[in-house]
Amino acid sequence: MACTPIPVYDFSLIKGDDYTLTFKCKEEDNPTDLTDHIIQLESNIPSLKKTATITNATEGEFEITFAKADTETLLNKRVKYKLVFYPTGLTGNKSTKFWGSINIATKDII
């Protein structure tokens, strides 16, 4: 049986800015029902660990928000993360939906 690779999604944050990532989860072109799901962004940097806000469960829509305070003191320029779903809450099984790197940019390089 062949393994399906986990998708990679890299994104950037500007150090010291507020930022919201918006997602719509689909399976076979149909929205994934996220009712009862808990979605978390896991990272080895405590300020970047986030629990997503599910904005429309039946349409598979959720957001992850980073506040200014989450990044303004970071010394890292690149942080690895993974996004995991807990379909039945934190006590149930989890599955990694995608992973990647968060690039932390400073305002002066843009």
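Owing to the predicted nature of the structure, the values given are computational and were not obtained by experimental measurement. (Residues numbered from 1 in each chain as written. Predicted model: local features only at pLDDT ≥ 70, side-chain atom pairs only at ≥ 80, totals over all residues. Heavy atoms only, no water.)

A.B. asks: An account of the sheet that holds strand β7 (residues 53-56) is needed here, citing residue identities and associated values.
C.D. replies: Strand order in this open sheet of three strands is β2-β8-β7, and the pairing throughout is antiparallel. Each edge of the sheet is formed by a strand with only one pairing partner; in this case those strands are β2 (19-24) and β7. Sheet twist, expressed as the mean angle between neighbouring strand axes with direction ignored, is 30°. (Pairing = 2+ DSSP bridges. Helix = DSSP H or I, 4+ residues; strand = E, 2+ residues; numbered from the N terminus. Axes fitted to C-alpha atoms, helices over the stretch in contact; angles between N-to-C directions.)

A.B. asks: I'd like to hear about the pattern of salt bridges, residue by residue, with values.
C.D. replies: Taken as a whole and judged by the stated rule, the model has four salt bridges. Residues E61 and K24 are paired through a salt bridge, measuring 3.8 Å at the closest nitrogen-oxygen approach. Placement of the pair is E61 in strand β8 (residues 61-66) and K24 in strand β2, with a sequence separation of 37 residues. Residue classification places E61 among the partly exposed positions, given a relative accessible area of 26%. Classification of K24 as partly exposed rests on a relative accessible area of 42%. Between E42 and K94 there is a salt bridge, and its shortest N-O distance comes to 3.2 Å. (Salt bridge = Lys/Arg side-chain N within 4 Å of Asp/Glu carboxyl O. Buried < 20%, exposed > 50% of the residue type's maximum accessible area, 1.4 Å probe, protein only.)

A.B. asks: Quick one: what's the story with unusual backbone geometry, residue by residue and with numbers?
C.D. replies: Here the phi dihedral of E28 falls at roughly 55°; this positive angle occurs in a residue that is not glycine. Of note, E28 is situated in the loop between β3 (26-27) and β4 (30-31).

A.B. asks: I'd like to hear about the side chain of Q40, residue by residue, with values.
C.D. replies: Turning to its location among the elements, Q40 is positioned in strand β5 (residues 38-43). Within polar-contact distance, the side chain of Q40 engages the side chain of T51 at 3.2 Å. Non-local contacts of Q40, meaning those with residues more than four positions away in its chain, are made with K50, T51, K82, L83, V84, Y86 and L90. (Polar contact = N/O pair within 3.5 Å; in protein donor to acceptor, adjacent residues only side chain to side chain. Contact = heavy atoms within 4.5 Å.)

A.B. asks: Can you explain the environment of D36? Please cite residues and give values.
C.D. replies: Mapped onto the fold, D36 is located in the loop between β4 and β5. On the accessibility criterion, D36 (62% relative accessible area) is exposed. Separated by 27 residues in sequence, D36 and Y9 have C-alpha atoms that sit 24 Å apart. In this structure D36 touches Y86, P87, T88 and G89, once residues within four positions along its chain are discounted.

A.B. asks: Requested: an account of the nonpolar core, with residues and values cited.
C.D. replies: Formed by 22 residues in total, the largest nonpolar core has its most connected members in F11, L41, F62, I64, F66, L83 and I102. Elements represented by at least two residues in this core include exactly β1 (11-14), β2, β5, β8, β9 (78-86) and β10 (95-105). Discounting chain neighbours no more than four positions away, the residues touching F62 are L21, T22, F23, C25, L34, I39, A52, T53, I54, T55, L83 and F85. (Core = buried A, V, L, I, M, F, W, Y, C linked by side-chain atoms within 4.5 Å.)

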